[in-house]
Amino acid sequence: MELYQKTAAELSRLLQDKEITAVEVFNSFTERIDEVDPHLKVFITCTLDSALETAAAVDRRRMENEELHPLAGVPVAIKDNFCTEGIKTTCASKMLESYIPPYDAAVVEKLKRIGMPILGKTNMDEFAMGSSTENSAFFVTRNPWDLERVPGGSSGGSAAAVAAGMVPLALGSDTGGSIRQPAALCGITGLRPTYGRVSRYGLIAFASSLDQIGPLALNALDCSLLLEVIAGYDQRDSTSLPHEVPQYSAAAGRELEGVRIGLIEENISANFDPEIKFAVLKMAALLEENGARITEVSLPHTDYGLSAYYLIAPSEAASNLGRYDGVRYGYSADGDNIISLFSRTRGQGFGAEVKRRIMIGTYSLSAGYYDAYYLQAMKVRTLIRRDYEKAFQNFDILVGATTPTPAFKLGEKADDPLKMYLSDVCNITDALAGVPSLSIPAGLHSSGLPMGMQLTAAPLNEGLLFQAAAVLEKCSDSPPQQRTALNLTGRGEL
Amino acid sequence: MSDDFIREVEHVARLARLSLSSEEKELMADQLSAILETARKVREIDTVGIEPTAHVFSIPAFLREDVIYPSLPVEKVLQNAPKKMKSYFRVPSITVIEEE
Amino acid sequence: MEFETVIGLEIHLELQTRSKLFCSCSTAFGREPNTSCCPVCLGLPGSLPVLNRKAVELAIIAALSLQSEIQKESRFDRKNYYYPDLPKAYQISQYDRPLALGGFIEMKNEGVKRKINLERIHIEEDPGKLMHSGESIFDSDYSLVDYNRAGIPLLEIVTKPDLRSGREARLFLEELRCILLYSGSSDCRMEQGSLRCDANISLRPAGSKTLGTRTEVKNMNSFRAVEMALDYEAGRQAAILSAGGSIIQQTCHWDEGDRKAIPLRGKEGSSDYRYFPEPDLLPLILKSDYIETLAASLPELPSQRRIRLMEEYGLDPADAAILTENRSLGDLFEVAAGEYKDYRNLARWVRGDLLYLLKGNDRNPSEVAPSLLIELLTMLDEGEINRPVAKDLLANIVKNGTNPRELVQQKGLGRIADREKLQPVVEKVLAENKDAVDSIKQGRKKAFAFLVGKVMAATAGRADPEKVQKLLRELIN
Ligand SMILES: [Mg+2]
Ligand SMILES: [Zn+2]
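Residues numbered from 1 in each chain as written. Chains lettered and ligands numbered in written order. Predicted model: local features only at pLDDT ≥ 70, side-chain atom pairs only at ≥ 80, totals over all residues. Heavy atoms only, no water.

### Let's talk about the interface of chain B and chain C
Here is step 1 of the chain: Contacts between the two partners involve 33 residues from chain B, matched on the other side by 51 residues from chain C.
Here is step 2 of the chain: The tally of links between chain B and chain C comes to one salt bridge.
Here is step 3 of the chain: With a shortest N-O distance of 2.7 Å, Arg53(C) and Glu65(B) are connected by a salt bridge.
Here is step 4 of the chain: Taken together, the connections running from chain B to chain C amount to 22 residue pairs in polar contact (both at pLDDT 80 or more).
Here is step 5 of the chain: Of all elements in the fold, only α3 (74-78) and β2 (88-92) of chain B reach the threshold of two or more residues within the side of chain B that touches chain C.
Here is step 6 of the chain: When residues in the side of chain B that touches chain C are grouped by element, the largest group, five residues, is from β2(B).
Here is step 7 of the chain: Its residues assigned to classes, the side of chain B that touches chain C comprises 22 nonpolar, five polar and six charged.
Here is step 8 of the chain: Looking at chain direction, β2(B) and strand β10 (residues 142-146) of chain C are connected through four bridges and run antiparallel. Within the sheet, the bridge partner assigned to Pro92(B) lies in β10(C) and is Tyr142(C). (Contact = heavy atoms within 4.5 Å. Salt bridge = Lys/Arg side-chain N within 4 Å of Asp/Glu carboxyl O. Polar contact = N/O pair within 3.5 Å; in protein donor to acceptor, adjacent residues only side chain to side chain. Helix = DSSP H or I, 4+ residues; strand = E, 2+ residues; numbered from the N terminus. Nonpolar A, V, L, I, M, F, W, Y, C, P; charged D, E, K, R; others polar. Pairing = 2+ DSSP bridges.)

Dropping the structure here:
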């Protein structure tokens, strides 16, 4: 087996045992990138030189028996909405095509500090707005399971990179499903942590009250290892939670005896793909076999989630994206007065989806509409939060499908924003409630495409999600790396 | 698409400082009205007495001590500036404030 | 028709913090352009605001000193608008849940007691600064932006429409400044932009309760300008209304040079700021005991002190007023008065020679050691030194902090009362001024004073004047 086919935990073990070097790991992954990236188009920017330096430094320090972090030398890729000092950070937008931040995001600092080589910055939907990575201003990324299909989005580049063995670990951001949906469509594991668990400092904002950073990996253990690195309080993010960070990776391996699991009726809805529904029910049965108690549960306001989300997120986005005005950085159009500079810069620099959301958000906040739209959506958000609070009085974990269908075809929903929005329908209410939510592989569809199951816990209970996921991984037939696109057994012919 | 709604779209685009071509405006009007149609679903629920949620968790606000840290070097401040002059950002005439 | 002028003010004050409201950049005035900037105050992608504790504290202190009610829970909101000096295209401000509600200032306008009520007080960030290429904003081809000011903490105070003239607005601002200087929350320097004031002004028929159409007046850069601009605008509106015209709601820019308020924008009121709660900052929740601690540490208000100085020390109103105008001057007086009991004499020195010297040397009263002042006045009272010498010594105290007694000893500045020392000097003066002696003998009193002056001059002001007079009389006769 090639090094690039291994999980982060396996690589970490081998590195610590000095059976391999970080440079060897680096070489294996970069060769894989050379091989598959021309087909998948994952990276907007590759940072191989600095990654190699990091890997070499890790080897040197390990030779000197310095105590290193277990993930030192394990490569990682990051979505291109994390600020990286001195390295282009584009948000896949023409607006930031040549923008170079003067500082590192908090999570980037952390990766660097422990010596994780950052291989590059992955493609995404422009400003994280989208569910297919087709909204990138630069190129589309393809699903490694089927090159005619989307990898999901907006963290589609990060998900495809992990699924295709280009990196063992990646970071994405999730505002309303942007980690979990691509993880499901690419057959990997992805976590949206509790809102505030990971510092947003240096994450280019889409919708501030919803944005959260999380790991994408081959399995739950790898996700938990990366979460341990990035989680924690940060004074630079006022919404950061001060709670201590537990050792998440210790959760894998614990029993499920007595764990109460609620099967969310709304997330195995009648109009979902029947195979996905069946896969989720089968996984639920597996949990039951392992000692969990399963009951159906309803989150009655789920139906309103999408509407509330598509008012709140665009409203915050419209405000967050106001700063791209052509004055201080980024794209700048010609304008002979300030109004034309602003309007042309924004009209030319933003793509269609971003403009749409700015328009919705501006509309919903504007005089005369605020109460009926934005404020009403915020109240509905309260009702959705209460649904979860109530459910977590009786349940430890809530489960359902991650997506209603497997990966769709490139271009299939590109012209119909509403259809596209619906692909996140299962991912939105958890985001509105701020609770942690994990998508794990739920087997392959008859089409050969991966399916995903979503597990949600009460705030700060990420450990419980890893625990359940690890149990499911153990009783499924194939080891995690074989359930991914690594072998390209699907229709992904390269 | 009604002229009224096109005018509404134009008004919102102006507020958002987005110049849109006439085709963009047409398409935007169509898509926006469809999206807003869906969004209007939130208005079906009775929310009397329900507080809006602006932040999902209520933790005490962190207050920073009043201490100075070094600012960015001015070259870094200006490194991405589309137009600069001496150590200022340069912008065109600001006499036109409101178009409306 | 008689009109009543109705004025409401919107005042922005810079809070006296070292660092900015949401980042750790310095607030120091007069730095090179764009050198006090970081990702947060430049609004760079990915940056987040973190609230400054001191700014909150100063804002609470200011609000308390204006009798405003601090809200247990207030909130930050985004005010969205596009302007090149606004890095994020929104200003973090407080909208429907401000820091404090209500409050008032009591003052006197031409002997009449007036109570001016406040609407609200809130915290917000300052935008950056624009420099225009042309003569003015109206004829510039381009502008330059400096973001050093962006993010400086401001306190916004909004009054009710309780003011009735430009003069009253000015008096209000003077009293407000006095109170806030006392509370130490702002240095209120209008010329450095740390106090700015916009006004809403309208006219209505005297006796009417409804408000007329208002205009907004901006760019008033001094208290005097506020008075002139508002009186100008009131006059302009009165002329229009008297001629049967009507007022257009608009914003005017006060032109200091031309002494005119020029309409700035066509259609104000069409602005739609799309306020919504700032998701990056949690609500500001203040505990009662925290507010109470700050309230307890609040200094006495100037108006209260003025009355107390008159009652406790028997000062006349003019002295009391001068001593309260400047908090540290009053403090100096009161500390010295703890030991030096001729209060009125002390007050005269402090508000007279001392204040003059302080201003002339650009010194603050707090830099003067009260013990030195007491020493000086005691030496004078006990006849150890003469008044002119005392003035020199005071100047030395202000400039160098010199101990007056030591200086007197060192330089031999003490009063000369010794007959043996004085007689030769007096004899010499008499010998040199025979004409004066003659005219005294002819009964002209003026010449006597002339001779005293000569002796004083010859002793560098140190001679005991009484002894000099006695000797002169003796020797002339
Ligand atoms: Mg204001
Ligand atoms: Zn700053």
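### Here's the deal with the interface of chain B and chain A
Here is step 1 of the chain: Opposite the 51 residues of chain B that make contact, chain A presents 71 residues.
Here is step 2 of the chain: Surface buried jointly by chain B and chain A totals about 5400 Å² across both partners, of which 69% is contributed by carbon and sulfur atoms.
Here is step 3 of the chain: Remark: the boundary between chain B and chain A carries two salt bridges.
Here is step 4 of the chain: In this structure, Lys355(A) and Glu24(B) form a salt bridge, with 2.5 Å as the shortest nitrogen-oxygen distance.
Here is step 5 of the chain: If you list the elements that add at least two residues to the side of chain B that touches chain A, you get α1 (3-15), α2 (22-39) and β2 of chain B.
Here is step 6 of the chain: Of the residues forming the side of chain B that touches chain A, the biggest block, nine residues, is contributed by α2(B).
Here is step 7 of the chain: Partitioning the side of chain B that touches chain A into residue classes produces 31 nonpolar, nine polar and 11 charged. (Buried area = accessible area lost by both parts, 1.4 Å probe.)

### Re helix α14 (residues 446-458) of chain C
All names here are of chain C.
Here is step 1 of the chain: The first and last C-alpha atoms of α14 sit 19 Å apart over 13 residues, in line with the 18 Å expected at 1.5 Å per residue.
Here is step 2 of the chain: Listing the buried residues of α14 in full gives Ala-447, Phe-448, Leu-451, Val-452, Val-455 and Met-456.
Here is step 3 of the chain: On its buried face, α14 is in contact with α12 (419-432), α13 (434-441) and α15 (465-476). (Expected span 1.5 Å × (residues − 1). Buried < 20%, exposed > 50% of the residue type's maximum accessible area, 1.4 Å probe, protein only.)

### Section: the sheet that holds strand β3 (residues 118-122) of chain A
Residue and element names in this part refer to chain A.
Here is step 1 of the chain: What the 11 strands build is an open sheet, ordered β1-β3-β2-β4-β6-β5-β10-β11-β9-β7-β8; its pairing is mixed. For this open sheet the edge positions go to β1 (43-46) and β8 (293-297), each flanked by a neighbour on one side alone. For this sheet the average axis-to-axis angle between neighbouring strands, irrespective of direction, equals 25°.
Here is step 2 of the chain: Sheet topology note: the strand β5 (residues 189-192)/strand β6 (residues 212-217) ladder contains two bridges and is antiparallel. Counterpart to Gly-190 in the pairing with β6 is Leu-216.
Here is step 3 of the chain: Relative to the sheet, helix α15 (residues 462-475) contacts β5, β9 (397-401), β10 (437-444) and β11 (450-457), its axis offset from that of β10 by approximately 10°. (Axes fitted to C-alpha atoms, helices over the stretch in contact; angles between N-to-C directions.)

### A closer look at the confidence of the model for chain C
Here is step 1 of the chain: When the pLDDT values of chain C are averaged, the result is 91; 98% of them are 70 or greater.
Here is step 2 of the chain: Here the complex is predicted with pTM 0.89, and the ipTM for its interfaces comes to 0.96. (pLDDT = per-residue confidence, 0-100.)

### A word on unusual backbone geometry
Here is step 1 of the chain: In this model, Gly153(A) is joined to Ser154(A) through a cis peptide bond whose omega is 10°.
Here is step 2 of the chain: On the secondary structure map, Ser154(A) appears in the loop between β3 and α5 (156-163).
Here is step 3 of the chain: Unusually for a residue other than glycine, Lys41(A) sits at a positive phi of about 55°.
Here is step 4 of the chain: Along the chain, the position of Lys41(A) falls in the loop between α2 (22-40) and β1.
Here is step 5 of the chain: Judged by relative accessible area, which is 34%, Lys41(A) ranks as partly exposed.
Here is step 6 of the chain: Even without being glycine, Lys86(B) reaches a positive phi, approximately 50°.
Here is step 7 of the chain: Here Lys86(B) is to be found in the loop between β1 (84-85) and β2.

### Thoughts on the side chain of Glu334(C)
All names here are of chain C.
Here is step 1 of the chain: By secondary structure assignment, the location of Glu-334 is in helix α7 (residues 327-337).
Here is step 2 of the chain: Classification of Glu-334 as buried rests on a relative accessible area of 16%.
Here is step 3 of the chain: Separated by 3.0 Å, the side chains of Glu-334 and Arg-305 make a polar contact.

### So, the environment of Ser240(A)
Here is step 1 of the chain: As for its placement among the helices and strands, Ser240(A) is situated in the loop between α7 (220-230) and β7 (260-264).
Here is step 2 of the chain: Taking relative accessible area as the criterion, Ser240(A) reaches 1% and is therefore assigned buried.
Here is step 3 of the chain: The residues touching Ser240(A), leaving out its near neighbours within four places in the chain, are Gly196(A), Gly232(A), Tyr233(A), Asp234(A) and Ile59(B).
Here is step 4 of the chain: Reaching out from Ser240(A), the side chain makes a polar contact with the backbone nitrogen of Asp234(A) at a distance of 2.8 Å.

### Here we look at the layout of surface pockets
All names here are of chain C.
Here is step 1 of the chain: By volume, the second largest pocket amounts to about 1800 Å³.
Here is step 2 of the chain: Lining the second largest pocket are 47 residues, and of these Glu-174, Arg-177, Cys-178, Glu-325 and Asn-326 lie nearest its centre.
Here is step 3 of the chain: For the lining of the second largest pocket, the secondary-structure elements that each account for two or more residues are β7 (104-109), α2 (166-183), α5 (302-313), α6 (317-325), α7 and α8 (343-360).
Here is step 4 of the chain: No other element matches the eight residues that α2 contributes to the lining of the second largest pocket.
Here is step 5 of the chain: Considering only residue class, the lining of the second largest pocket consists of 22 nonpolar, 11 polar and 14 charged.
Here is step 6 of the chain: When residues are assigned to domains, the lining of the second largest pocket turns out to be shared by domain 1 (3-293) and domain 2 (302-411), each giving three or more. (1 Å grid on protein atoms, 1.4 Å probe; cavity = no way out; pocket = protein on both sides within 12 Å on 5 of 7 lines; lining within 4 Å. Points joined across faces, edges and corners; volume = space filled by probe spheres on them. Domains from an automatic or database assignment.)

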